[in-house]
Amino acid sequence: MRFVKILALIFAVSLQIIGCRDDTPRAKSGSQVSADLARAKDGAGQQQRVNSDKLQQVAAFWGPMPTGVAVSRSGRVFVNFPRWGDAVEFTVGEVKDGQVVPYPNLDINKFNDGQDPARQLVSVQSVVVDEQDRLWIVDTGSINFTPIKPGGAKLICVDLKQDKIVKTIDFRSSPDAVLPTTYLNDIRFDLKRGSAGLGYITDSSDSGPNGIIVVDLESGEAWRRLSDHPSTKAQQNFAPIVEGRPLMARVPGQSEAYPKIGSDGIAISGDKKTLYYCPLIGRHLYSVSVDALSDRRTSDADAARTVKDLGDRGYCSDGLETDRKSGRIFLTDYEHNAIHVRNADGGNDRVLVADPRILWPDSMAAGEDGMLYFTANQLHRQKQYNEGKDLRQQPYSLFRIPIEIGGSETAMAK
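I will try to describe carefully the structure that is included in this document. Here the structure is a predicted model, which is why all the values come from computation and not from measurement. (Residues numbered from 1 in each chain as written. Predicted model: local features only at pLDDT ≥ 70, side-chain atom pairs only at ≥ 80, totals over all residues. Heavy atoms only, no water.)

So, about the overall build of the chain. Counting its regular elements, the chain contains 5 helices and 26 strands. Put simply, the chain has 414 residues, and 55% of those count as buried. Taking the contacts inside the chain whose residues are at least 6 apart along the sequence as the reference set, 53% of them involve residues at least 24 apart. Accessible surface, the chain as shown: approximately 18,200 Å² in total, 50% of it carbon and sulfur. (Helix = DSSP H or I, 4+ residues; strand = E, 2+ residues; numbered from the N terminus. Buried < 20%, exposed > 50% of the residue type's maximum accessible area, 1.4 Å probe, protein only. Contact = heavy atoms within 4.5 Å. Areas by Shrake-Rupley, 256 points an atom, 1.4 Å probe, with all protein chains shown as cover.)

In structure tokens:
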């Protein structure tokens, strides 16, 4: 009997050793990170907080839900509200003293059927400030995910010094790049390529091919890359876990269905050599060579050979961003109400901030003030995911967090 007890003790100790958490960041798999985050609860089952005391609410939105955010060099903050069913008075706005006003003016934001979609803002999905301190507006041209209105899908550049539109790229001239099923999502820039630079836009369509759209900012010509490539597609038969429940399409009268939203988050490295991206529905992060995307002499097959699967992170992201100074990558984590940060080489994933108020962190923008701005819009509580019931609770939020507070890999696992 004593021998049996000794064997049992040895077995128990062995299990403890095997089960010990590996503190080496690179050795931790996505499933381990996911398990760590899932265990980040206190005794009452409430989410523990990481750097919550540093989290600041910049603005509260009591109207439509926001998606994108952009910050100029001087600290001006812009947001956008896509027309997804909410009553949207203006689809792009500037935050001033905690309030939002239409930008660049109200007239261009007022789109109604019968107006020219090419001359109005139809439904803006994202806003981004480039390195020349210009605001770029990505207009999907689609209201509530219906087919694109002729001339509605476009890219608009605003000179922030004059608050004036200085360029409009109408994607009707590139029908092979922007398809009838395309949903223009987010954009990043490399202004040193070509005569005026290039933009890279994710196509996150849930009903057609996904991919990366490259646009010449001088000529307006656009072309597709990685069209329907596996890395740009939603993970098959997969449902993210948000607020403890699988995210599924739940429409009254229809069977539950896995969401199929593809390439969404996008970021470009500080040296402009690598583009990072991820599908909205999926836990893998990918990278691809910017040289391969931008050189039209490179075949799409050759460009696809430069794609790297950076692994299962253990969480899904909506928005991605890079810090221009250090090249670090920031990733939203809508499954765990958190923002992560990774080194420029993609390693050492750690939690920058986690807080139960961060309900579906969407898009991010790194400001010159050393703050990371991001929206939280409760996207998962929309009625299409909840049997026709809108479970969102206003206000939605624009938050910011200091970038240099670092991040905690271990705090979420305590």
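Taken as a whole and judged by the stated rule, the model has 31 salt bridges. Between aspartate 53 and lysine 54 there is a salt bridge, with the nearest N and O atoms lying 3.1 Å from each other. Under the relative-accessibility criterion, aspartate 53 is labelled exposed at 64%. With a shortest N-O distance of 3.7 Å, arginine 250 and glutamate 387 are connected by a salt bridge. Taken together, the positions of arginine 250 in the loop between strand E15 (245–246) and strand E16 (263–268) and glutamate 387 in the loop between strand E25 (371–376) and strand E26 (396–402) put the pair 137 residues apart, joining distant regions of the chain. Several salt bridges converge on common partners, so that one network encompasses Arg245, Arg250, Glu256 and Glu387. (Salt bridge = Lys/Arg side-chain N within 4 Å of Asp/Glu carboxyl O.)

Within the secondary structure, methionine 364 is located in strand E24 (residues 361–366). With 12 residues separating them along the chain, methionine 364 and alanine 376 place their C-alpha atoms 9.9 Å apart. Aside from chain neighbours lying at most four places away, what touches methionine 364 is Val69, Arg188, Gly319, Leu320, Glu321, Phe330, Leu331, Thr332, Ile339, Leu372, Tyr373 and Phe374.

Sheet strands pair via backbone hydrogen bonds, and the direction of the pair is either parallel or antiparallel. Strand order in this open sheet of 4 strands is E6-E7-E8-E9, and the pairing throughout is antiparallel. The strands lining the two open edges of the sheet, one partner per strand, are strand E6 (124–129) and strand E9 (164–170). Sheet twist, expressed as the average angle between the axes of neighbouring strands with direction ignored, equals 20°. Across 6 bridges, strand E8 (residues 154–159) lies against E9 in antiparallel orientation. Residue pairing for E9: cysteine 157 is matched across the bridge by lysine 167. (Pairing = 2+ DSSP bridges. Axes fitted to C-alpha atoms, helices over the stretch in contact; angles between N-to-C directions.)

Counting residues in hydrophobic clusters, the biggest one holds 30 residues, and the most contacted among them are Ile281 and Leu398. When contributions to this core are tallied by element, the ones reaching two or more residues are strand E1 (56–61), strand E2 (69–71), strand E3 (77–80), E25 and E26. Discounting residues that sit within four places of it in the chain, leucine 398 has contacts with Gln56, Gln57, Val58, Ala59, Phe61, Val69, Val77, Val79, Val95, Tyr373, Phe374 and Thr375. (Core = buried A, V, L, I, M, F, W, Y, C linked by side-chain atoms within 4.5 Å.)

Now for the packing of aromatic side chains. On inspection of all chains with the given rule, the structure shows 9 aromatic pairs. When the centroid spacing of 5.7 Å and the interplanar angle of 75° are considered together, the rings of phenylalanine 61 and phenylalanine 81 count as edge-to-face. With a gap of 20 residues between them, phenylalanine 61 in strand E1 and phenylalanine 81 in the loop between E3 and strand E4 (92–96) connect regions that are remote in the sequence. Ring geometry for phenylalanine 81 versus phenylalanine 90: centroids 6.2 Å apart, planes at 80°, classification edge-to-face. Judged by relative accessible area, which is 12%, phenylalanine 90 ranks as buried. Ring pairs connect the aromatic residues Phe61, Phe81 and Phe90, which therefore count as one cluster. (Phe/Tyr/Trp six-rings, centres within 6.5 Å; stacked < 30°, edge-to-face > 60°.)

By themselves, these observations are geometric and do not establish any function.
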